[in-house]
Amino acid sequence: MRQVRLSEAALVSGVFRVERVSQGTVTLADGRCAVFEVKVVKALALPGLLHSSGLEVGDVVKLDEGQARAIVCFRASDRHHTLFVTNQCNSRCLMCSQPPTPQEDGWLFREAMEIVKLVTAPPAVVGVSGGEPTLHPTRLRALLNLLHLRWPETQVEVLTNGRRLGDEQVARALLEGLPPGRTNWLVPLYAGNDEVHDFVVQSPGAFDETIGGLMNLQQFEQAIQLRTVLIRPVIEGLVEWGRFVGRNLPFVQAVALMATEPIGFALATKDMSVVDVLEYGRELANTVAELELFGLTPVLMNMPLCKVPAPLRAHAAVSISDWKNDFAPECEDCELKPRCSGFFVWDNTAIYRTGLKPVVRGEMGRIHV
Ligand code: SF4
């Protein structure tokens, strides 16, 4: 999360759009067109930004009364955009990057709605994430309606464990009348059986609920990207998982295989959850082949590209959000860097960052791997 230090504490709370930036003075406006100015601390300017203040015109920022900081909630020039709507969840995944909290946090949905109303340059794609957004179906449907109304060209991606969508009433409330193809539902499934899946999400009965949710999404003609995270119990059954998906869920639009984000619960279960991509190259290749056999589209995410077997690199996506993306010193001259996910900025496990093989162009124009 990007923060910019203000020269004095904010006098109000809320989200605001940056209207003007001039010599450390930032003009902000809220949804009712009230306009006021704040001053930022120049010394904290971040390199590579358009203005020395660290803020850009069109940013949507959050102020908290009494706090001398502005949090950047939306920046048009970013590659990835996410609306974070709740920290509550009904699962406890072994490698969860965002450990849930039980407190009521409806203000996050309200804040997301405010951000949508303030953005003047809607992005091509926006994620809706938590926590588990479907725990609040009425709020989520209101947000989806607003997004489709205000940002008609934007692809909306909802990250959900799909469990509540297995409930007919919840599925109807959320999905009925939702235009097909406008929302892409990103649903993780960790195995083709309840034993492993329920163990990974630490919730008995979760496998059946998620499968029910996937069926309901299909019934309401929604787009689905199925996902899995490559922790050890998942890797052990990965090829069988690919076969299960091909045989039973052929209607999904894409299948994402993701390296673990090394933060949150993943650090507490590091031996099981954070695995070097070099360790599972063969399983990856066999699973990609299995998925392609069924006509499905595999996508590889969060993996340093030089660790992905060369024939699979065309499947890799630049998946780590701008604000949490980082590269190692070895990456500086690597030819693969523009197509590479790199690393999470807070990854200090050394598991992903060691054993890199930059691809560099030699003096004679040859590629040395
Ligand atoms: S050396 Fe760095 S930029 Fe190149 S592929 Fe590896 S991780 Fe990516």
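Residues numbered from 1 in each chain as written. Predicted model: local features only at pLDDT ≥ 70, side-chain atom pairs only at ≥ 80, totals over all residues. Heavy atoms only, no water.

Undergrad: Hey, could you go over the site of the ligand for me, with residue numbers and the actual values?
TA: Near the ligand, the surroundings consist of P304, L305, C306, F327, C331, C334, L336, K337, C340, F343 and P358. Residue composition of the shell around the ligand, grouped by class: ten nonpolar, no polar and one charged. (Near = heavy atom within 4 Å. Nonpolar A, V, L, I, M, F, W, Y, C, P; charged D, E, K, R; others polar.)

Undergrad: Which residues make up the packing of helix 4 (residues 194-201) against helix 5 (residues 206-219), and what are the values?
TA: For any two helices packed against each other, one specifies the crossing angle of their axes together with the interaxial distance. For the pair helix 4 and helix 5, the least separation of the axes is 8 Å and the interaxial angle reads 100 degrees. As far as their axial angle goes, helix 5 and helix 4 are roughly perpendicular. Contacts from D194, H197, D198 and V201 of helix 4 reach helix 5 at A206, F207 and T210. Of the residues belonging to the contact of helix 4 with helix 5, the class tally is three nonpolar, two polar and two charged. (Axes fitted to C-alpha atoms, helices over the stretch in contact; angles between N-to-C directions. Helix = DSSP H or I, 4+ residues; strand = E, 2+ residues; numbered from the N terminus. Parallel < 35°, antiparallel > 145°, perpendicular 65-115°, else oblique. Contact = heavy atoms within 4.5 Å.)

Undergrad: Tell me about the packing of aromatic side chains, and name the residues and values.
TA: Given two aromatic rings, one states the distance between the centres and the angle between the planes to describe the pair. What the rule picks out here adds up to four aromatic pairs. Here the aromatic rings of F16 and F36 are separated by 5.1 Å at their centres, their planes lie at 90 degrees, and the arrangement is edge-to-face. With F16 in strand 2 (residues 14-22) and F36 in strand 4 (residues 35-39), this pair connects stretches of sequence that are 20 residues apart. Given the relative accessible area of 5%, F16 is considered buried. (Phe/Tyr/Trp six-rings, centres within 6.5 Å; stacked < 30°, edge-to-face > 60°. Buried < 20%, exposed > 50% of the residue type's maximum accessible area, 1.4 Å probe, protein only.)

Undergrad: Quick one: what's the story with the domain arrangement of the protein chain, residue by residue and with numbers?
TA: By the assigned domains, the protein chain splits into domain 1 (3-74) and domain 2 (82-326). Taking only C-alpha atoms into account, the centre of domain 1 sits 32 Å from that of domain 2. Across the boundary between the two partners, domain 1 contributes ten residues, which contact ten residues of domain 2. Regarding the contact of domain 1 and domain 2, the summed buried area is about 830 Å², with carbon and sulfur atoms giving 73% of it. When the area that domain 1 buries against domain 2 is broken down by residue, the three leading residues are V15, R17 and F74, summing to 56%. The interface formed by domain 1 and domain 2 includes two residue pairs in polar contact (both at pLDDT 80 or more). When residues of the side of domain 1 that touches domain 2 are traced back to their parent elements, those giving at least two are strand 2, strand 5 (60-63) and strand 6 (69-74). Examining the composition of the side of domain 1 that touches domain 2, we find that three residues originate from one element, strand 2, more than from any other. Considered class by class, the residues forming the side of domain 1 that touches domain 2 number six nonpolar, one polar and three charged. (Domains from an automatic or database assignment. Buried area = accessible area lost by both parts, 1.4 Å probe. Polar contact = N/O pair within 3.5 Å; in protein donor to acceptor, adjacent residues only side chain to side chain.)

Undergrad: So, the pairing of strand 6: which residues are in play, and what are the values?
TA: Here strand 1 (residues 3-5) runs beside strand 6; their pairing, made up of three bridges, is antiparallel. Following the sheet pairing, Q3 is matched in strand 6 by I71. Of the strand pairs in this sheet, strand 5 and strand 6 are connected by four bridges, and their pairing is antiparallel. By the bridge assignment, L63 is partnered in strand 6 with A70. Taken together, strand 5 and the strand that follows it, strand 6, pair antiparallel across an intervening segment of five residues, in which G66 is found at a positive phi of about 90 degrees. (Pairing = 2+ DSSP bridges.)

Undergrad: Which residues make up helix 3 (residues 168-175), and what values go with them?
TA: Taken residue by residue, helix 3 has V170, A171, L174 and L175 as its buried positions. The buried residues of helix 3 occupy an angular sector of 105 degrees when projected down its axis, which confines them to one face. Along its buried surface, helix 3 packs onto helix 2 (137-150), strand 10 (183-188) and helix 5. The opening residue of helix 3, the one whose side-chain oxygen lies 2.8 Å from the backbone nitrogen of Q169, is D167. Where helix 3 ends, the next residue or the one after it, G177, has phi of about 80 degrees, a positive value. (Arc of directions from axis to C-beta.)

Undergrad: Can you tell me about the sheet that holds strand 7 (residues 82-84), naming the residues and giving the values?
TA: With parallel pairing, seven strands are arranged side by side in an open sheet as 7-8-9-10-11-12-13. Sheet topology places strand 7 and strand 13 (298-301) at the edges, where each strand pairs with a single neighbour. Strand-to-strand twist of the sheet, defined as the mean angle between neighbouring strand axes without regard to direction, takes the value 25 degrees. In the packing of helix 7 (residues 238-248) onto the sheet, contacts are made with strand 11 (223-229) and strand 12 (254-258), and the angle to strand 11 comes to roughly 165 degrees. Running over the sheet, helix 10 (residues 281-293) touches strand 12 and strand 13 and is turned about 150 degrees from strand 13.

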